[in-house]
Amino acid sequence: MSRVRQLRVLAGGIEDAWMDGAIRVAFASTDLKHVNQHFGAAESFVVFAMDLQRSALVEVIQFGNPAMDGHESKLGAKMQALEGCIAVYCQAVGGSAISRLKALGIQPVKVGEGAEIADLLESLQDELQQGPGAWLARAIEARRPRPADRFDAMEAEGWEE
């Protein structure tokens, strides 16, 4: 299953420069307000950029009406669409999808039926401000650019066998 429609909100000015350092989080949602979809059968994902103080809708990705048939062929397009996100919130997610998401550095997060996206974003911001938990700290660290000279000191020491 491929993407049917994709809406991307483009940054338009200096006030949007904060998004360069923001993290991206996806939500399996059909109404842009609640997490109301199983990952494998999600008709759409809503993607937000966020930092310590703010969050903004950056993308809505629609897939049509996939069946909950257990076929994993539909997961590829969803995985590709979520590249760059640190997490995806959904009502449920299968074991295979969990493995594939984690391999891409995306943390699957299961939430209860009808969980509000605004509340989840606020909770995530609170966690960022108080000191991120293990999975969030790893996700943030993995997204940081590595300095080009990080191996220079080891090279200068030389190598002996």
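K.L.:
When you look at the packing of aromatic side chains in this model, what are you seeing that I'm missing?
P.N.:
For any pair of aromatic rings, the description rests on two quantities: the centre-to-centre distance and the angle between the ring planes. This model, assessed by the stated rule, comprises four aromatic pairs. Where phenylalanine 27 meets phenylalanine 48, the ring centres are 5.9 Å apart and the plane angle is 80°; that geometry is what we call edge-to-face. Of this pair, phenylalanine 27 sits in strand β2 (residues 23-28) while phenylalanine 48 sits in strand β4 (residues 44-50), placing them 21 residues apart in sequence. Across the pair, exposure class does not vary: phenylalanine 27 and phenylalanine 48 are buried alike. Each ring, one from phenylalanine 27 and one from tyrosine 89, has its centre 5.1 Å from the other, and the planes form 25°; the classification is stacked.

K.L.:
Explain the nonpolar core here, please?
P.N.:
Soluble globular proteins: nonpolar side chains tend toward being buried together. With 23 residues, the main nonpolar core has Phe39, Phe45, Leu82, Val88 and Leu101 as its most contacted residues. Residue assignment for this core shows that the elements contributing at least two residues are β2, β4, β5 (55-62), α1 (75-81), β6 (85-90) and α2 (95-103). A total of four residues in this core trace back to one element, the largest contributor, which is α1. Setting aside residues no more than four positions away along its own chain, leucine 101 makes contact with Phe39, Met79, Leu82, Val88, Val93, Ile106 and Pro108. Judged by nonpolar contacts, the second largest core, of 21 residues, contains Ala87, Leu120, Leu128 and Ala139.

K.L.:
What am I meant to see in unusual backbone geometry here?
P.N.:
Both trends apply: most residues other than glycine have a negative phi, and most peptide bonds are in trans. Positive phi outside glycine occurs at leucine 32, with the angle close to 70°. Considering the arrangement of structural elements, one finds leucine 32 in the loop between β2 and β3 (34-35).

K.L.:
Sorry if this is basic, but what is going on with the environment of lysine 33 here?
P.N.:
Following the sequence through the fold, lysine 33 ends up in the loop between β2 and β3. Among the residues examined, lysine 33 registers a relative accessible area of 57% and is labelled exposed. As a C-alpha pair, lysine 33 and isoleucine 117 span 84 residues in sequence and 5.5 Å in three-dimensional space. Excluding its chain neighbours within four sequence positions, the residues that come into contact with lysine 33 are Ala115, Glu116 and Ile117.

K.L.:
Would you explain helix α3 (residues 117-130) in this entry?
P.N.:
Residues spaced three or four apart along an α-helix point in a common direction, a consequence of the helix completing one turn every 3.6 residues. For α3, built from 14 residues, the straight-helix expectation of 20 Å at 1.5 Å per residue is met to within 8% by its first-to-last C-alpha distance of 20 Å. Taken together, the buried positions of α3 are occupied by Ile117, Leu120, Leu121, Leu124, Gln125 and Leu128. For α3, the angular spread of buried residues about the axis comes to 135°, placing them on one side. Among the exposed residues of α3, those oriented more than 90 degrees off its buried face are Ala118 and Gln130. Looking one or two residues beyond α3, the residue adopting positive phi is glycine 131, at roughly 115°.

K.L.:
Sorry if this is basic, but what is going on with the pairing of β2 here?
P.N.:
On any regular strand, side chains alternate: one points to one face of the sheet, the next to the other face. Of all six residues making up β2, five are buried, and the element is well covered by its neighbours. In this structure, β2 lies alongside β6, joined through four bridges in parallel fashion. Counted as the bridge partner of arginine 24 is cysteine 85 from β6.

K.L.:
What is the right way to read the pattern of salt bridges from this model?
P.N.:
Side-chain pairs of opposite charge can arise whenever the charged atoms involved come near each other. Applying the stated criterion to the full structure yields two salt bridges. The shortest N-O distance in the salt bridge between glutamate 59 and arginine 24 comes to 2.8 Å. Of this pair, glutamate 59 sits in strand β5 while arginine 24 is found in strand β2, placing the two residues 35 residues apart along the sequence. Looking at glutamate 59, the relative accessible area reads 2%, which means it is buried.

K.L.:
When you look at the environment of isoleucine 106 in this model, what are you seeing that I'm missing?
P.N.:
Here isoleucine 106 is to be found in the loop between α2 and β7 (107-110). On the basis of relative accessibility, which here comes to 1%, the residue isoleucine 106 falls in the buried class. Every residue in contact with isoleucine 106, bar those within four places of it in the chain, is listed here: Leu82, Cys85, Ile86, Ala87, Val88 and Leu101.

Calculation criteria
- Residues numbered from 1 in each chain as written.
- Predicted model: local features only at pLDDT ≥ 70, side-chain atom pairs only at ≥ 80, totals over all residues.
- Heavy atoms only, no water.
- Phe/Tyr/Trp six-rings, centres within 6.5 Å; stacked < 30°, edge-to-face > 60°.
- Helix = DSSP H or I, 4+ residues; strand = E, 2+ residues; numbered from the N terminus.
- Buried < 20%, exposed > 50% of the residue type's maximum accessible area, 1.4 Å probe, protein only.
- Core = buried A, V, L, I, M, F, W, Y, C linked by side-chain atoms within 4.5 Å.
- Contact = heavy atoms within 4.5 Å.
- Expected span 1.5 Å × (residues − 1).
- Arc of directions from axis to C-beta.
- Pairing = 2+ DSSP bridges.
- Salt bridge = Lys/Arg side-chain N within 4 Å of Asp/Glu carboxyl O.

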